[in-house]
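Residues per chain are reported as follows:
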Amino acid sequence: MHSRFWLIIALVFSSLLAFGQNSGKDAEGHQWWQHAVFYEIYPRSFADSNNDGIGDLNGIASKLDYLKELGIDAIWISPCFPSPQVDFGYDVSDYEDIDPMYGTLADFDKLAAAAKERGIHIILDFVVNHTSDQHKWFLASKSSRTNEYRNWYIWRDGRGPNQPPNNWTSEFGGSAWKFDPPTNQYYYHFFYAGQPDLNWRNPKVESAMFDVTRWWYKRGVSGFRLDAVDTLFEDPALKDNPQDSEKNALGDFKQERIYNQKLPEVHDALRGLRKVADEYDAVLIGETWTNDIAELNKYYGESNNELQLPMDFLFTKVDKLSPAEFRKQIAAVNAASGWPTFVISNHDIERSYDRYGDGHHNDEIAKLMGALYLTLRGTPIMYYGEEIGMKTTPPTRKEEVKDPVGRVGWPKEKGRDGERTPMQWDESANAGFSAAKPWLPVPPTYKTHNVADESKDPNSVLSFYKSVLKLRHTNPALMEGNYVPVNESDQSVLSYLRTYRDQTVLIALNMTGFMQKISLSKSGFKSAASLLATSKSAANGDTVTLEPFGIYIAQLAK
Ligand code: GLC
Ligand code: CA
């Protein structure tokens, strides 16, 4: 009776522990998204099924098996909704449809069903701050001062002839106000002029936006990545921001955006979005550009009632292989009030391959960084191509630039095309992305870094990612364990433990181009059994030797 009881408990426990992709909580009270590995897909650049040079939903569907085998549990698809593509989809003209260039709603449903079959969740990108200037709400709003949608956006009189209402500048350059001659008023756009800001102070806007999320939840979406949440609210009195005498790369005077960024009201909106998300057991990821942990904490909400996964971009600001810097940031995020979320690349920032690569050991360093953010306590959000060591490849001539930011800021600011180049599938023409000329050029590195070749090479970046992801999904200490830093004064090797019940896993990462040794005895361990290591990294008793940029992940014993 007794042993039977314990057997059942053990079975229940292990199935909960291994619940992988189902919802519900595991034995530690963790939800699926706390153990999931997320993967950002920039749909234009992932896989092109109809050979028009632009990736699409059927293209994504054709790669689900690849993603499954890689070890991905959830895909976040950057905006695939109807859009004039002024900001490549971040200017949405209809929240409840799919842009024909990416497919149809039926294609989306097929993709969702195929993903579900494989236990992969779908996260969509919700552009909450603004719509396209072609959205029907904005067209109505613009049509006259008395239109019922006028107050859905932010319209104001100028300060005088040819003078915008205040000094606010757009993130993409120039004034944040655009004059509309027919109604003789300005509208506000934090980003491009084709991206007018919604007026979140209008309850109708709020409820319409909440309904958009419901609409997609009902279609099987597991959550949203919320775009640009910092900018949802503006000071109603439109006070001028304090301005520097120095200019930014776009030629505008630098400003402290105290009146149009991170206003406290943002949190009311997030709480509202979370309430709806909770009705559907959904997860909210946030694009949260925070300056410190105190700010990050605010995004979790006072009682964890805002974002489950505010992205820690401070982690991406650690711009060199510095154990001390990473230790500091990891410790800070671990002490935050919610579950950590680690990001090292995305469609707006230089790829990690270039940020950390030294030009000689880039592949080794790519594995090292993979070993880092995929073994931490927290949810990693990968960016497509990281797993094969894709490189940032910015345009070389102004005429080639597609990103509005790069067109305005050239040559100081080359824009974001470099991190959005087509996924490198194989060595064939256009890297197997498309039979037609891709919308952005394929980087020359596709000959050496592509899925097909790297799948065959056990030493490739891809093979390493697969191994570390497999370990992450099966090792209880990596799934559930605490993060415990060790050897904290070591300037060369970043080491930490993940501890769970009686298990301890060591992760040791040599961040230098020289051989290094670390001792386990200081942390009270006598031996190590390797779980995953680079070929010349090994333990001998309580000493671990790491080759240059070497990785050593092992089960420790006392
Ligand atoms: C976010 C997106 C970025 C976009 C901007 C405006 O920062 O990540 O790509 O340009 O919002 O929507
Ligand atoms: Ca296409």
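Since this is a predicted model, take the numbers as computed values, not measurements. Counting from 1, residues in each chain are numbered in the order their sequence is written. Chains and ligands are labelled sequentially in the order written, the chains with letters from A and the ligands with numbers from 1. The predicted origin of the model limits local features to residues at a pLDDT of at least 70 and limits the giving and counting of side-chain atom pairs to 80 or more, whereas totals for whole chains, interfaces and linings rest on all residues. Only hydrogens and water are set aside; all other atoms, that is, all heavy atoms of the structure, feed into the side-chain values.

K.L.:
Which parts of the structure should I look at to understand the coordination of the calcium ion (ligand 2)?
P.N.:
Coordination partners: N, O, S within 2.8 Å of the metal, 3.2 Å for Na, K and Ca; water not considered, so apparent gaps in a site are possible. Protein-derived ligands of the calcium ion (ligand 2) are Asp48 (OD), Asn50 (OD1), Asp52 (OD), Ile54 (O) and Asp56 (OD), with the metal-ligand distances lying across 2.2 to 2.3 Å. Summarised as a motif, the one-chain spacing of the donors to the calcium ion (ligand 2) is D-x1-N-x1-D-x1-I-x1-D. On the basis of relative accessibility, which here comes to 3%, the residue Asp56 falls in the buried class. The cut-offs for exposure are 20% and 50% of the maximum accessible area for each residue type, with area from a 1.4 Å probe on protein chains only; residues under the lower value are buried, those over the upper are exposed, and the others partly exposed.

K.L.:
Looking at this structure, how should I read the side chain of Asp490?
P.N.:
Helix and strand labels come from DSSP, where a helix needs a run of H or I of at least four residues and a strand needs a run of E of at least two; each type is numbered from the N terminus. Residue placement: Asp490 occurs in the loop between strand S14 (482-486) and strand S15 (493-500). Buried Asp490, no salt bridge; nearest opposite-charge side chain is Arg327, N-O distance 5.3 Å. At 2.9 Å, the side chain of Asp490 forms a polar contact with the backbone nitrogen of Val493. Contacts are assigned to residue pairs with any non-hydrogen atoms lying within 4.5 Å of each other. Not counting chain neighbours up to four residues away, the residues in contact with Asp490 comprise Pro323, Arg327 and Ile518. Positive charges are assigned to Lys and Arg, negative charges to Asp and Glu, while His and the chain termini are left out of the count. Salt bridge, as used here, is a side-chain nitrogen of Lys or Arg placed within 4 Å of a carboxyl oxygen of Asp or Glu. Think of a polar contact as two N or O atoms within 3.5 Å of one another; within protein, one of them needs to be a possible hydrogen donor and the other a possible acceptor, and neighboring residues in sequence only count if both atoms come from side chains.

K.L.:
Even after reading the chapter, I still don't get the side chain of Ser519, so can you show me in this structure?
P.N.:
Among the secondary structure elements, Ser519 is positioned in strand S17 (residues 516-519). Side-chain polar atoms of Ser519 contact the side chain of Ser521, separated by 2.8 Å.

K.L.:
Can you help me understand the pairing of strand S13 (residues 379-383) in this one?
P.N.:
Summarising burial for S13: five of the five residues are buried, a large majority. Of the two faces of S13, the one carrying Thr379, Ile381 and Tyr383 and the one carrying Pro380 and Met382 are both buried. Relative to S13, strand S12 (residues 341-343) runs parallel, the two sharing three bridges. Bridge pairing links Val343 to Ile381 in S13. DSSP bridges decide pairing: two strands pair if at least two such bridges lie between them.

K.L.:
Got a minute to help me understand the sheet that holds strand S4 (residues 155-156) in this structure?
P.N.:
Through backbone hydrogen bonds, the strands of a sheet pair up, either in parallel or in antiparallel fashion. Read from one edge to the other, the open sheet built from three strands follows the order S4-S6-S5, with strand pairing classed as antiparallel. Looking along the sheet, the strands with just one partner apiece sit at the ends: S4 and strand S5 (177-180). Note: S4 against strand S6 (residues 185-188), two bridges, orientation antiparallel. Residue pairing across strands places Arg156 opposite Tyr186, the latter belonging to S6.

K.L.:
What exactly am I supposed to notice about empty space enclosed by the protein here?
P.N.:
A cavity, in this analysis, means grid points on a 1 Å lattice covering only the protein atoms where a 1.4 Å probe fits yet has no way out; a pocket is instead an open set bounded by protein on both sides within 12 Å along at least five of seven lines, and a residue lines either one if it has an atom within 4 Å of a point. Grid points are joined across faces, edges and corners, and a volume is the space filled by probe spheres set on the points. One pass over the full model with this rule turns up two cavities of 30 Å³ or more. Its volume calculated, the largest cavity comes out at about 110 Å³. The element best represented in the lining of the largest cavity is helix H12 (residues 362-373), accounting for five residues. Think of it as three bins: nonpolar holds Ala, Val, Leu, Ile, Met, Phe, Trp, Tyr, Cys and Pro, charged holds Asp, Glu, Lys and Arg, and polar takes everything else, Gly as well. Classifying every residue of the lining of the largest cavity gives eight nonpolar, seven polar and two charged. Forming the walls of the second largest cavity are Val486, Asn487, Ser495, Leu497, Leu506, Ile518, Ser519, Leu520, Ser523, Phe525 and Leu556. Among the secondary structure elements, those contributing two or more residues to the lining of the second largest cavity are S15 and S17. Per-class residue counts for the lining of the second largest cavity are seven nonpolar, four polar and no charged.

K.L.:
I keep staring at the pattern of salt bridges and nothing clicks. Help me out?
P.N.:
Close approach of charged atoms allows side chains of opposite charge to pair. Taken as a whole and judged by the stated rule, the model has 28 salt bridges. Close ionic contact of Asp87 with Arg416 constitutes a salt bridge, the shortest N to O distance being 3.1 Å. Of the two residues, Asp87 sits in the loop between strand S2 (74-77) and helix H5 (105-117) while Arg416 sits in the loop between helix H13 (404-409) and helix H14 (451-456), which places them 329 residues apart along the sequence. Judged by relative accessible area, which is 4%, Asp87 ranks as buried.

K.L.:
Can you help me understand the environment of Asp230 in this one?
P.N.:
The residue Asp230 is located in the loop between strand S7 (223-227) and strand S8 (243-247) in this model. Between the C-alpha atom of Asp230 and that of His267, which follows or precedes it by 37 residues, the distance is 9.5 Å. What Asp230 contacts, discounting residues up to four positions off in sequence, is Asn260, Gln261, Lys262, Leu263, Val266, Glu287, Thr288, Trp289 and Tyr299. One polar contact links Asp230 to Tyr299, side chain to side chain, over a distance of 2.5 Å.

K.L.:
Explanation requested: the site of ligand 1 in the structure shown.
P.N.:
Not every one of the 13 residues close to ligand 1 is listed here, only the nearest: Asp87, Asp227, Glu287, His347 and Asp348. Contact between ligand 1 and Asp348: an oxygen atom at 2.4 Å from a side-chain N or O atom of the residue. Throughout, a molecule is located in a cavity or pocket provided that more than half of its atoms lie within 2 Å of its grid points. Applying the majority rule of atoms within 2 Å of the grid points places ligand 1 in the largest pocket. Per-class residue counts for the shell around ligand 1 are three nonpolar, three polar and seven charged. In this text, near means that some heavy atom of the residue lies within 4 Å of the molecule or strand in question.

K.L.:
Hey, could you run me through the packing of aromatic side chains in this one?
P.N.:
Given two aromatic rings, one states the distance between the centres and the angle between the planes to describe the pair. Any pair of Phe, Tyr and Trp rings, taking the six-membered ring for Trp, is counted once the centres come within 6.5 Å. Such a pair is stacked with planes under 30 degrees apart, edge-to-face with planes over 60 apart, and tilted for the rest. One pass over the structure, following the stated rule, counts 35 aromatic pairs. A ring pair is formed by Phe138 and Tyr153, whose centres lie 4.9 Å apart and whose planes are at 85°; its orientation type is edge-to-face. Of this pair, Phe138 sits in helix H6 (residues 136-143) while Tyr153 sits in the loop between H6 and S4, and the two are 15 residues apart along the sequence. Taken individually, Phe138 and Tyr153 each receive the classification buried, so the pair is uniform in this respect. Geometrically, the ring pair formed by Trp200 and Phe210 is tilted, given 6.3 Å between the ring centres and 55° between the ring planes. With Trp200 in the loop between S6 and helix H7 (203-218) and Phe210 in helix H7, this pair connects stretches of sequence that are ten residues apart. Phe210 shares its class with Trp200; the two are buried. The rings of Tyr95, Phe126, Trp137, Tyr149, Trp152, Tyr217, Phe224 and Tyr280 are connected pair by pair, giving a single aromatic cluster. Looking at Arg150, its charged tip hangs above the ring of Trp155, at a distance of 3.7 Å from the centre. For a ring to carry a charge above it, either NZ of a lysine or CZ of an arginine must fall within 6 Å of the ring centroid while also lying within 35 degrees of the normal to the ring plane.

K.L.:
Is there a simple way to think about the sheet that holds strand S20 (residues 543-546) in this case?
P.N.:
Pairing is antiparallel in the open sheet, where three strands are placed in the order S17-S20-S19. In this open sheet, the two strands that pair with only one neighbour each are S17 and strand S19 (538-540). On average, each strand axis in the sheet is inclined to that of its neighbour by 25°, with strand direction left out of account. The sheet contact formed by S19 and S20 spans three bridges and is antiparallel. Bridge pairing in S20 links Ala539 to Val544. To get an axis, a line is fitted to the C-alpha atoms, and for a helix only the part in contact is used. The angle between two axes follows their N-to-C directions and goes from 0 to 180 degrees.

K.L.:
What am I meant to see in H7 here?
P.N.:
Structurally, the α-helix is built with 3.6 residues per turn, so residues lying three or four positions apart point the same way. Between its terminal C-alpha atoms H7 stretches 23 Å, which fits the 22 Å expected from 16 residues at 1.5 Å a residue. Those residues of H7 not exposed but buried are Val205, Ala208, Met209, Phe210, Val212, Thr213, Trp216 and Tyr217. With a side-chain oxygen positioned 2.8 Å from the backbone nitrogen of Lys204, the residue opening H7 is Asn202. Gly220 occupies a position one or two residues after H7 and carries a positive phi of about 105°. Expected span, for any helix, means 1.5 Å times one less than how many residues it has.

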